[in-house]
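Below, each chain spelled out in residue letters.
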Amino acid sequence: MAQLLFYLLSAAAIAFGFGVVASKSPMKSVLSLLATFVALAMIYLLSGFQFLAAAQLLVYAGAILVLFLFVIMLLNMSDLETLAEHPTVSLGHTRVAIATVSAGVLGLIAILGAGAVQASESAAMPPDGYDKIEWIAALLFSRYMVPFQASAILLLATMIGVLVLAKRRRPVQTTELGRVDA
Amino acid sequence: MPVEAVTLADTTTKELPLLVLWLFKAGLIYGGLLGTAALMTLAERKVSAWIQYRIGPNRVGPWGLLQPLADGVKFIFKEEVVPDGANPLMFRLAPILSAVPAMLAIAVIPFAGEVKIGDWSFGTLSIANLDISVLYVGALTGLSVYGVILGGWSSNSKYSLLGGLRASAQMISYELTLLLAVLSVVLMNGSLDLRAIAADQASTGMWNAIVQPVAFVLFVIAMFAETNRHPFDFAECEPELVGGFHTEYSSMKFALFFLGEYCAMVVMACLATTFFLGGGALPFIAELAWYVELPVFCAKASSFLFLFLWVRWTLPRFRYDQLMTLGWQVMLPLALVNLFVTGAVVALGWHPLLMPLLAIAVLVPFALLFGRPRPRSESLTHEGAAG
């Protein structure tokens, strides 16, 4: 039963994951992403990680995706569609970007996978059940303190970077009319 | 409760099969939730009538008690309209997404402790006993935004879109405050389990409404915003937006939005009771049987439900920029400071009663010094960016 559910959920997660990339409407992409996150949360729940499941829904589905939706709704839909038909970035650049990102993601997965194997070998199992929050907190603030803090700083840096990019764009758009949005 | 529990009494404690027990509890609690939500629609009109010196609905059944039923039948027979250019799938999905999270959240509310009838034990009076029920509730409140956003977006109507955007911006803003206030409670009682939070307050006798006055006030205000209730009901704001995100909805789909709103109110009332009023506990009495706890819990939750109605019919609506200013510039910093102070008090092992004293000592002079109303022109400049 649990195995059947796992396969069903995994299939759903992968299918919706494809939906994110494949669908033309950004709204549908975000909703597919939501479905993916929910499926992932259910897989966590199935494996007994209640905390992870709740955190997944709370952080990703509840907060981050809503912001995505906001951005998409506030952008003009017709602008997005014309942008997709007449891309401002050349195909070559797109390919380079896609290749870089894929390589980065694959590398990250490899590193994380290796780390996970290492962690599962070395980390002590929690006393009763995987899901003691004290246990997660203790690990997070002792053994994984540095990665934890580093990822926090990374997120902060990303946030500031986005702010800088978004702020810089505005005067360019207003002063040189018609140059940026070709 | 089933009758055979008494007749089949034996010397040892007996239990029903788990599945039967779950189904039974789920039926009972969901029935209660939906019944309360339906009655709330009537109570809303009755209370408004009472406040405005009218009589209110009194034609259907005694004291108009069957009015919700009549309304339901009316909704079912109304024509279902899907507007031109609307996204049909999402248009239908939105009411469901708006109603379901509120209904799911009731599953972890601990209405009363261990239920025992004769020799039969029925476990605690809550559907699910989750160690992390606070996070579960938080996750579901987060998901409830989707119904509003999708409803507004998929209707293909300006008013709906604006209403959906406003409502979801408001819900996201106040969700932060709500969860931060809850986190202070979690720190105070040292658990992410609603049962443990209620039990801790009951055993020490210091309810969080007393020990955590700041968090309590913040939670109550954020609770109104989170359920889109007056004075924060920008989702529907009739004079500005026709009907907000559900302008284009008719028939049962419209009713589902309302059902969701009322269920969310019931859930929020139950949460406030659990977090701040010690669940089903009475002051100065240590242990209560479940048949005392349940009415006490319901009475406390009902007082919150009445507060919802009372505020709706007495306070004027906020302006949108006032709402955002209040949320981000007043409530969020206050919630963060409160969380910090709570953490310090808990970590240093000081007496928890220090916090209400500190709150009074700091906040009252602060409010007196800086609490003047903002000049209108200054706050209006925010509106262009936000709305």
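Residues numbered from 1 in each chain as written. Chains lettered and ligands numbered in written order. Predicted model: local features only at pLDDT ≥ 70, side-chain atom pairs only at ≥ 80, totals over all residues. Heavy atoms only, no water.

**Focus: the overall build of chain A**
Then, number 1: Helices and strands together make up the secondary structure of chain A, namely seven helices and zero strands.
Then, number 2: Going from the N terminus to the C terminus, chain A shows its helices and strands as α-α-α-α-α-α-α.
Then, number 3: Counting contacts in chain A only where the partners sit at least 6 residues apart, residues at least 24 apart contribute 47% of the total. (Helix = DSSP H or I, 4+ residues; strand = E, 2+ residues; numbered from the N terminus. Contact = heavy atoms within 4.5 Å.)

**Some details on unusual backbone geometry**
Glycine aside, a negative phi is what most residues show, and trans is what most peptide bonds show.
All names here are of chain B.
Then, number 1: Notably, Y53 is not glycine yet its phi reads approximately 60°, a positive angle.
Then, number 2: Mapping Y53 onto the fold places it in the loop between α2 (18-51) and α3 (67-77).
Then, number 3: We classify Y53 as exposed; its relative accessible area is 78%.
Then, number 4: Its identity is not glycine, yet W63 carries a phi of approximately 55°, on the positive side.
Then, number 5: Along the chain, W63 falls in the loop between α2 and α3. (Buried < 20%, exposed > 50% of the residue type's maximum accessible area, 1.4 Å probe, protein only.)

**Side note on the pattern of salt bridges**
All names here are of chain B.
Then, number 1: On inspection of all chains with the given rule, the structure shows seven salt bridges over all chains.
Then, number 2: For R195, the salt bridge goes to D193, with nearest N and O atoms at 2.7 Å.
Then, number 3: Residue classification places R195 among the partly exposed residues on the basis of a relative accessible area of 26%.
Then, number 4: With a relative accessible area of 9%, D193 lands in the buried category.
Then, number 5: Overlapping salt bridges bring together E44, R229, E261 and R312 as one network. (Salt bridge = Lys/Arg side-chain N within 4 Å of Asp/Glu carboxyl O.)

**Re the nonpolar core**
The tendency in soluble globular proteins is for nonpolar side chains to be buried as a group.
Then, number 1: In this structure, B:F219, B:M223, B:L271 and B:F275 are the most contacted members of the largest nonpolar core, which totals 117 residues.
Then, number 2: Those residues within four positions of B:L271 in sequence are excluded, and the remaining contacts are B:I109, B:V137, B:L194 and B:F219. (Core = buried A, V, L, I, M, F, W, Y, C linked by side-chain atoms within 4.5 Å.)

**Some details on the interface of chain B and chain A**
One widely used convention gives an interface's size as the accessible area the parts lose upon coming together.
Then, number 1: Between chain B and chain A, the residue contacts involve 23 residues of the former and 19 residues of the latter.
Then, number 2: Of the roughly 1,900 Å² buried between chain B and chain A on both sides combined, carbon and sulfur atoms contribute 86%.
Then, number 3: Joining chain B to chain A, the criterion identifies zero salt bridges.
Then, number 4: If you look at where chain B meets chain A, you find one residue pair in polar contact (both at pLDDT 80 or more).
Then, number 5: Elements with a contribution of two residues or more to the side of chain B that touches chain A: α5 (133-154) and α6 (158-189) of chain B.
Then, number 6: Per-element tally for the side of chain B that touches chain A: the top contributor is α5(B), with 11 residues. (Buried area = accessible area lost by both parts, 1.4 Å probe. Polar contact = N/O pair within 3.5 Å; in protein donor to acceptor, adjacent residues only side chain to side chain.)

**Describing the side chain of B:T274**
All names here are of chain B.
Then, number 1: Following the sequence through the fold, T274 ends up in helix α11 (residues 251-276).
Then, number 2: Since its relative accessible area comes to 0%, T274 is described here as buried.
Then, number 3: Of note is the side chain of T274, whose polar atom sits 2.8 Å from the backbone oxygen of C270.
Then, number 4: Apart from the residues within four sequence positions on either side, T274 is in contact with I109, P110, L194, I197, A198, Q201, G279 and F297.

**Describing the environment of B:G280**
Then, number 1: Relative to the assigned elements, B:G280 resides in the loop between α11 and α12 (290-312).
Then, number 2: Separated by 16 residues in the primary sequence, B:G280 and B:V296 place their C-alpha atoms 5.2 Å from one another.

**Notes on the confidence of the model for chain A**
Residues and elements named next belong to chain A.
Then, number 1: A residue-level look at chain A finds 69% of positions with pLDDT of 70 or above and a mean pLDDT of 74.
Then, number 2: Taken element by element, the predicted model of chain A shows its lowest mean pLDDT in helix α4 (residues 77-85) (57) and its highest in helix α1 (residues 2-22) (90).
Then, number 3: Contacts for the low-pLDDT stretch residues 170-182, under 50 throughout, to residues beyond four places or in other chains number six contacts. (pLDDT = per-residue confidence, 0-100.)

**Observations regarding the packing of aromatic side chains**
Residues and elements named next belong to chain B.
Then, number 1: Within this structure, the stated rule accounts for 20 aromatic pairs over all chains.
Then, number 2: With centroids separated by 6.3 Å and ring planes inclined at 50°, the aromatic side chains of W50 and F306 adopt a geometry described as tilted. Taken as a pair, W50 in helix α2 and F306 in helix α12 lie far apart in primary sequence, 256 residues in all.
Then, number 3: On the basis of relative accessible area, F306 is assigned to the partly exposed category, the value being 32%.
Then, number 4: Measuring from centroid to centroid gives 6.4 Å for F275 and F276, while their planes differ by 70°, and the two rings are edge-to-face.
Then, number 5: Given a relative accessible area of 2%, F275 falls into the buried group.
Then, number 6: Residue class for F276 comes out buried when judged on its relative accessible area of 0%.
Then, number 7: Following the ring pairs from residue to residue traces out a cluster consisting of F216, F219, F275, F276 and F304.
Then, number 8: The ring of W207 has K300 lying over it, and the distance from NZ or CZ to the ring centre is 4.0 Å. (Phe/Tyr/Trp six-rings, centres within 6.5 Å; stacked < 30°, edge-to-face > 60°. Lys NZ or Arg CZ within 6 Å of the ring centre and 35° of its normal.)

**Quick look at the packing of α5(B) against α6(B)**
Residue and element names in this part refer to chain B.
Then, number 1: Viewed as axis vectors pointing N to C, α5 and α6 meet at an angle of 170°, and their least axial separation amounts to 8 Å. It follows that α5 is roughly antiparallel to α6 by the angle criterion. Where α5 abuts α6, its residues V134, G138, T141, G142, S144, V145, V148, I149, G152 and W153 lie against S160, L161, G164, A167, S168, M171, E175, L178, L179, V182 and V186.
Then, number 2: Looking at side-chain class alone, the contact of α5 with α6 contains 12 nonpolar, eight polar and one charged residues. (Axes fitted to C-alpha atoms, helices over the stretch in contact; angles between N-to-C directions. Parallel < 35°, antiparallel > 145°, perpendicular 65-115°, else oblique. Nonpolar A, V, L, I, M, F, W, Y, C, P; charged D, E, K, R; others polar.)

**Remarks on α11(B)**
Residues and elements named next belong to chain B.
Then, number 1: Here α11 spans 38 Å end to end across 26 residues, near enough to the 38 Å set by a 1.5 Å rise per residue.
Then, number 2: With 20 of 26 residues buried, α11 lies mostly within the body of the structure.
Then, number 3: With its phi angle positive at about 70°, G278 sits one or two positions after the end of α11. (Expected span 1.5 Å × (residues − 1).)

**A few points about a nonpolar patch on the surface**
Residues and elements named next belong to chain A.
Then, number 1: A cluster of nonpolar residues, M1, L4, L5, F6, Y7, L8 and L46, forms a patch on the protein surface that exposes about 750 Å² of accessible area.
Then, number 2: Turning to its location among the elements, Y7 is positioned in helix α1.
Then, number 3: Look at Y7 and you get exposed, because its relative accessible area is 53%. (Patch = residues over 30% accessible without salt bridge, like charges linked within 9 Å, V, L, I, M, F, W, Y side chains within 5 Å. Areas by Shrake-Rupley, 256 points an atom, 1.4 Å probe, with all protein chains shown as cover.)

**Observations regarding the confidence of the model for chain B**
Residue and element names in this part refer to chain B.
Then, number 1: With 90% of its residues at a pLDDT of 70 or more, chain B has an overall mean of 83.
Then, number 2: Looking across chain B, the model is least confident in helix α1 (residues 4-7), with a mean pLDDT of 44, and most confident in helix α9 (residues 213-226), with 91.
Then, number 3: Counted against residues more than four places away or in other chains, residues 1-10, with its pLDDT under 50, gives 16 contacts.
Then, number 4: Quick note on the complex model: pTM equals 0.81, ipTM equals 0.76.

**Regarding the side chain of B:T177**
Then, number 1: Structurally, B:T177 is set in helix α6.
Then, number 2: Those residues within four positions of B:T177 in sequence are excluded, and the remaining contacts are B:L218, B:A222, B:G327, B:M331, B:L332 and B:A335.

**Considerations on the sheet that holds strand β2 (residues 114-117) of chain B**
Sheet strands pair via backbone hydrogen bonds, and the direction of the pair is either parallel or antiparallel.
Residues and elements named next belong to chain B.
Then, number 1: A sheet is described by the order of its strands in space; here three strands give the open sequence β1-β3-β2, paired in mixed fashion. Edge strands, defined here as strands with exactly one partner in the open sheet, are β1 (14-15) and β2.
Then, number 2: Two strands pair when backbone bridges link them, and β2 and strand β3 (residues 120-124) are joined in this way by three bridges, in the antiparallel orientation. The residue of β3 that forms the bridge with K116 is S121. (Pairing = 2+ DSSP bridges.)

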